[in-house]
Amino acid sequence: MRWQTKARAFSVLSNIPLGEDIHYALQRYVTRRLPRPEKQVRSIYTLAQRLLGVHQKYSRRPLRDSTCFEFGAGRDLIVPLAFSAHGALRFITVDIERLAKLELIRSNAAIISRVSGASQPDLNSLDDLERSWRIEYRAPADARATGLSAGSIDCAVSVETLEHIPKSDIAAIFKELRRIMRPDGLVLMQIDYGDHFKGFDPSISSFNFLTYSEGDWAPFQSRFQYVNRLRHSEYLQLFREAGFELLSDQPDRRPPEQDILRRLAPCFRGFSEEDLFTLGSLIVGRPADLRGSN
């Protein structure tokens, strides 16, 4: 499917009653992208294992004693399930809309239990998430104002969510994370900086959207496929401004694409080629009060 066609479809769904329900039904019964195939669940589980390894390396508190927090829960909660399967004490996951679907969570829980070797507790309702998996699902809930107590979170996790949030809201979320995090807490943020329409249209570059001005790109944005187009340096600055010390930064840099550079929109001309062609990164940080401590 051409990406412009997909963008128009998302725009239509965004502006009609029950658009979210229709979108889910299309993914579930027409395109059959949901539930995710086991190969994709295993891939995301592998990413979660990477985050768990980073947590083990940098955290001053073991996972079994850690309360974790995630924003942008989505529909099927793979990351919380993975953290729970590996022994997290508690995992709070929030979303601006109530999107979680029990049938998708149950499907993923079965796969993760099998892959991880963890026991598979009953999962007959969303309430079972908290009783059996120690996962507290809160939605609708605003990550800019969580209502959680100051210093109550040990680890904040985000997987390919930040790129879907406007810059000003990211700053507000980071400020809230800084408030609710313990002084020895940890943030683990995996961000995808690429053009997400590439997944629907392989003919375009992962950096296609860099050739559009803000005005020209606006018609392709929607509630189902909003991407802020921020570059790596801008995320690093947002972390620092919110009061986080960067412990690790693992950017996925790609070779510059001359066709993109020839057509680069004016709003991106101030960035280095290295910054423009960074496809994603795992950023790890903690409250900057601990700067210089061991």
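It should be emphasised that the depicted structure is a prediction, and the values quoted were computed from it without experimental measurement.

**Observations concerning the overall build of the protein chain**
Thought 1: In terms of regular secondary structure, the protein chain is built from 11 helices and seven strands.
Thought 2: Against the 2.2 N^0.38 benchmark of 19 Å for 294 residues, the protein chain shows a C-alpha radius of gyration of 19 Å, consistent with a compact globule.
Thought 3: For the protein chain, the proportion of its 294 residues judged to be buried stands at 50%.
Thought 4: As displayed, the protein chain offers around 13600 Å² of accessible surface, 49% of which is attributable to carbon and sulfur atoms.
Thought 5: One finds the centroid of the 41 positive side-chain charges in the protein chain at a distance of 2 Å from the centroid of its 37 negative side-chain charges.

**Some words on the pattern of salt bridges**
Thought 1: This structure, assessed with the given rule, holds 21 salt bridges.
Thought 2: One salt-bridge network, held together by shared partners, links Arg61, Asp154, Arg182 and Asp184.

**Brief notes about the environment of Phe207**
Thought 1: Its place among the elements puts Phe207 in the loop between β5 (181-192) and α8 (214-217).
Thought 2: With relative accessibility at 1%, the residue Phe207 sits in the buried group.
Thought 3: Placed 99 residues apart in sequence, Phe207 and Asn108 show a C-alpha to C-alpha distance of 31 Å.
Thought 4: Look past the residues within four positions of Phe207 in its chain and what remains in contact with it is Arg231, Arg254, Glu257, Ile260, Leu276, Phe277, Thr278 and Leu279.

**Regarding the packing of aromatic side chains**
Thought 1: Inspection of every chain in the model, using the stated rule, returns 19 aromatic pairs.
Thought 2: Seen from their ring centres, Phe174 and Phe239 are 4.4 Å apart, and the 40° between their planes marks the pair as tilted. Of this pair, Phe174 sits in helix α7 (residues 167-180) while Phe239 sits in helix α9 (residues 232-241), and the two are 65 residues apart along the sequence. Accessibility classification places Phe174 together with Phe239 in one group, the buried group.
Thought 3: Ring centres of Phe197 and Phe200 lie 6.5 Å apart, and the angle between their planes is 50°; on these two criteria the pair is classed as tilted. Per residue, the accessibility class of Phe197 equals that of Phe200, and both read buried.
Thought 4: Taken together, Trp3, Phe10, Phe197, Phe200, Phe209, Tyr212, Trp217, Phe220 and Phe224 form an aromatic cluster joined through their ring pairs.
Thought 5: In this structure, Arg223 is placed above the aromatic ring of Phe224, and the distance from its NZ or CZ to the ring centre is 4.8 Å.

**Digging into the nonpolar core**
Thought 1: By size, the foremost hydrophobic cluster in this structure holds 37 residues, and its most contacted members are Leu81, Phe83, Leu129, Val157 and Leu188.
Thought 2: Elements with a minimum of two residues in this core: α3 (38-58), α4 (78-85), α5 (102-116), α6 (126-133), β3 (135-138), β4 (153-159), β5 and β7 (278-287).
Thought 3: Among the elements that line this core, the one with the most residues is α3, at eight residues.
Thought 4: Not counting chain neighbours up to four residues away, the residues in contact with Phe83 comprise Ala48, Leu51, Leu52, Leu63, Cys68, Ala88, Phe91 and Val157.
Thought 5: Grouped together as the second largest cluster of nonpolar side chains are 28 residues, Phe71, Ile92, Leu162 and Tyr235 included.

**With respect to the sheet that holds β5**
Thought 1: With respect to topology, seven strands assemble into an open sheet ordered β3-β2-β1-β4-β5-β7-β6, the strand pairing being mixed. Edge positions in the sheet fall to β3 and β6 (244-253), since each of these pairs with one other strand and no more. Within this sheet the neighbouring strands show an average axis-to-axis angle of 15°, counted without direction.
Thought 2: The sheet contact formed by strand β1 (residues 67-71) and β4 spans three bridges and is parallel. What sits directly across from Phe69, in β4, is Ala156.
Thought 3: Relative to strand β2 (residues 90-94), α4 is tilted by about 175°, and along the sheet it contacts β1, β2, β3 and β4.
Thought 4: Running at roughly 150° to β5, α7 makes contact with β1, β4, β5, β6 and β7 of the sheet.

Reading guide: rules and limits
- Residues numbered from 1 in each chain as written.
- Predicted model: local features only at pLDDT ≥ 70, side-chain atom pairs only at ≥ 80, totals over all residues.
- Heavy atoms only, no water.
- Helix = DSSP H or I, 4+ residues; strand = E, 2+ residues; numbered from the N terminus.
- Rg over C-alpha atoms; globule rule 2.2 N^0.38 Å.
- Buried < 20%, exposed > 50% of the residue type's maximum accessible area, 1.4 Å probe, protein only.
- Areas by Shrake-Rupley, 256 points an atom, 1.4 Å probe, with all protein chains shown as cover.
- Lys, Arg positive; Asp, Glu negative; His and termini not counted.
- Charge placed at Lys NZ, Arg CZ, Asp CG, Glu CD.
- Salt bridge = Lys/Arg side-chain N within 4 Å of Asp/Glu carboxyl O.
- Contact = heavy atoms within 4.5 Å.
- Phe/Tyr/Trp six-rings, centres within 6.5 Å; stacked < 30°, edge-to-face > 60°.
- Lys NZ or Arg CZ within 6 Å of the ring centre and 35° of its normal.
- Core = buried A, V, L, I, M, F, W, Y, C linked by side-chain atoms within 4.5 Å.
- Pairing = 2+ DSSP bridges.
- Axes fitted to C-alpha atoms, helices over the stretch in contact; angles between N-to-C directions.

Taken by themselves, the reported measurements are silent on function.
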